[in-house]
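Tertiary structure, described
The residues making up each chain are set out below.
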Amino acid sequence: MNIEPLIPSAKPTRSTPASTGKVWLVGAGPGDAELLTLKALRAIESADIIFYDQLVSADIRALFPNGTPALYVGKSKNHHSIAQDDLNQRLVDQALMGKTVCRIKGGDPFVFGRGGEELMTLRQAGVNAEVVPGITAASGCSSSAHMPLTHRGVSQGCTLVTGHGETEVTANWQALAQLNHTLVFYMGVSRSEEIAGQLMTHGLSGDTPAAFIENGCRANQRVLTTTLGALAETAERDAVQSPALIVVGDVVRLADQLAPEQFLSEAQQRSIA
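Figured I'd write up the structure that's included with this text. In this text the structure is predicted, and so the values were computed from the model without any measurement.

A short note on the nonpolar core
Phe 185 and Leu 199 are the most contacted members of the largest nonpolar core, which totals 20 residues. Counting only elements with at least two residues in this core, the list comes to α6 (173-178), β10 (182-186), α7 (192-201), β11 (209-214), α8 (231-237) and β13 (244-248). Not counting residues up to four positions away in its chain, the partners in contact with Phe 185 are Val 161, Trp 173, Ile 195, Leu 199, Ala 244, Leu 245, Ile 246 and Val 248. Counting 18 residues, the second-largest nonpolar core is a separate cluster that includes Val 23, Val 92, Val 127 and Ala 129.

Quick look at the environment of Gly 115
Looking at the element boundaries, Gly 115 is found in helix α4 (residues 115-124). Gly 115 gets classed as buried once you look at its relative accessible area, which sits at 0%. Taking the C-alpha atoms as reference points, Gly 115 and Gly 27, separated by 88 residues in sequence, lie 9.4 Å from one another. Excluding residues that lie within four positions of it along the chain, Gly 115 makes contacts with Leu 25, Lys 105, Pro 109 and Phe 110.

Here's the deal with unusual backbone geometry
One can expect most non-glycine residues to show negative phi and most peptide bonds to be in trans. The omega angle of the peptide bond from Ser 242 to Pro 243 is 0 degrees, so this bond is cis rather than trans. Its location among the elements puts Pro 243 in the loop between α8 and β13. Unlike most non-glycine residues, Phe 112 shows phi in positive territory, near 55 degrees. Here Phe 112 lies in the loop between β7 (100-105) and α4. Classification of Phe 112 by relative accessible area gives partly exposed; the value is 37%. Phi at Asn 215 is positive, roughly 55 degrees, even though this residue is not glycine. Locating Asn 215 in the fold gives a position in the loop between β11 and β12 (222-227).

Considerations on the pattern of salt bridges
Tallied over the entire structure, the rule returns ten salt bridges. Arg 237 is the salt-bridge partner of Glu 233, the closest N and O atoms lying 3.9 Å from each other. Of this pair, Glu 233 and Arg 237 both sit in helix α8, separated by four residues, roughly a single helical turn. By the burial criterion, Glu 233 is exposed, and Arg 237 matches it. Put simply, Asp 250 and Arg 253 hold a salt bridge, and the shortest N to O gap is 2.9 Å. Given the relative accessible area of 36%, Asp 250 is considered partly exposed. Within this structure, Asp 53, Arg 103, Lys 105 and Glu 118 form a network of salt bridges that share partners.

Section: the sheet that holds strand β9 (residues 158-162)
Pairing within the open sheet is mixed, and its five strands lie in the order β9-β10-β13-β11-β12. Bordering the open sheet on either side are β9 and β12, each of which pairs with just one other strand. Direction aside, neighbouring strands of the sheet carry axes that sit 20 degrees apart on average. Where β10 and β13 come together, three bridges link them in antiparallel fashion. Looking at the pairing, Leu 183 lines up with Val 248 of β13. On the sheet, α7 packs against β10, β11 and β13 and is oriented at approximately 155 degrees with respect to β10.

As for the layout of surface pockets
Estimates place the volume of the second largest pocket at around 150 Å³. Forming the boundary of the second largest pocket are 15 residues, of which Asn 180, His 181, Leu 204, Gly 249 and Asp 250 lie nearest the centre. Taken together, the elements giving at least two residues each to the lining of the second largest pocket come down to α6 and β10. Grouping the constituent residues of the lining of the second largest pocket by class yields eight nonpolar, six polar and one charged.

Here we look at the side chain of Lys 105
Position of Lys 105 among the secondary structure elements: in strand β7. Side-chain polar atoms of Lys 105 contact the side chain of Glu 118, separated by 3.0 Å. Among residues more than four places away in sequence, those in contact with Lys 105 are Val 26, Gly 27, Ala 28, Gly 29, Asp 53, Val 56, Gly 113, Arg 114, Gly 115 and Glu 118.

Observations regarding the packing of aromatic side chains
Evaluated as defined, the whole model comprises four aromatic pairs. Relative to Phe 64, the ring of Tyr 52 lies with its centre 5.7 Å away and its plane at 65 degrees, an arrangement referred to as edge-to-face. On the criterion of sequence distance, the pair formed by Tyr 52 in strand β3 (residues 49-52) and Phe 64 in the loop between α2 (58-61) and β4 (69-72) is long-range, its members being twelve residues apart. The pair Tyr 52 / Phe 64 is uniform in exposure class, with both members buried. Members of the aromatic cluster, joined through ring pairs, are Tyr 52, Phe 64 and Tyr 72. If you follow Lys 22 out to its NZ or CZ, it ends over the ring of Trp 24, 3.9 Å from the centre.

Rules used in this analysis
Residues numbered from 1 in each chain as written. Predicted model: local features only at pLDDT ≥ 70, side-chain atom pairs only at ≥ 80, totals over all residues. Heavy atoms only, no water. Core = buried A, V, L, I, M, F, W, Y, C linked by side-chain atoms within 4.5 Å. Buried < 20%, exposed > 50% of the residue type's maximum accessible area, 1.4 Å probe, protein only. Helix = DSSP H or I, 4+ residues; strand = E, 2+ residues; numbered from the N terminus. Contact = heavy atoms within 4.5 Å. Salt bridge = Lys/Arg side-chain N within 4 Å of Asp/Glu carboxyl O. Pairing = 2+ DSSP bridges. Axes fitted to C-alpha atoms, helices over the stretch in contact; angles between N-to-C directions. 1 Å grid on protein atoms, 1.4 Å probe; cavity = no way out; pocket = protein on both sides within 12 Å on 5 of 7 lines; lining within 4 Å. Points joined across faces, edges and corners; volume = space filled by probe spheres on them. Nonpolar A, V, L, I, M, F, W, Y, C, P; charged D, E, K, R; others polar. Polar contact = N/O pair within 3.5 Å; in protein donor to acceptor, adjacent residues only side chain to side chain. Phe/Tyr/Trp six-rings, centres within 6.5 Å; stacked < 30°, edge-to-face > 60°. Lys NZ or Arg CZ within 6 Å of the ring centre and 35° of its normal.

In short, the description is geometric, and any link to function would need to be established separately.
Written out as structure tokens, the structure reads:
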């Protein structure tokens, strides 16, 4: 894999359709390379240049073709390697130079991934672009942690919420607390005290099951089960690090029952009996 510094964008940008270039907005899924779609892999392999985010795992980056420029354009808390507007322009410029561009993101491009903003810019510039869906973290990581997002008699729906905000998390807390849904918060570790406090203020019990899923679908996945009332304490005590999801709801209790270790233990007990 050839990792290069950001290259200067070509100017001027034309607004007429590019005849040969194309941008693939690719969802890389939650980290396990085996969860990539075949279409995503073909887009990676066909690319003349790749722009990738922080949440694109090392296992997936190892699939980048040797000799293809791979440029890091990721964002982390309080640090953006490149402004979003500048990145949008680079995608346009590379496509208008006739290149096949792979813009690869963790999860799904349209779930808290700003893929819609990038696609809008590409459409307005007349650039041929196509979205390749990816497994979003909520479904991938919860499945890996044996927590169904929905389960008959337990949760009839799930709601995905961003825990990121400039100064506070803006959400309809009353509605979230009364939905009787599984709630999944992205980018919420540093706001866990605020999230828990708001949900409890608006009606959820402090005993509501909750969990952190850190590095979901990766070899170093860590799952920490707790309660809503102890959410912030758990984050601090166990030094939870991003990327991590917060899952709130009764489905968290199902994880022990659905874990393979529990199944093997019960099977062994039955064989002894």
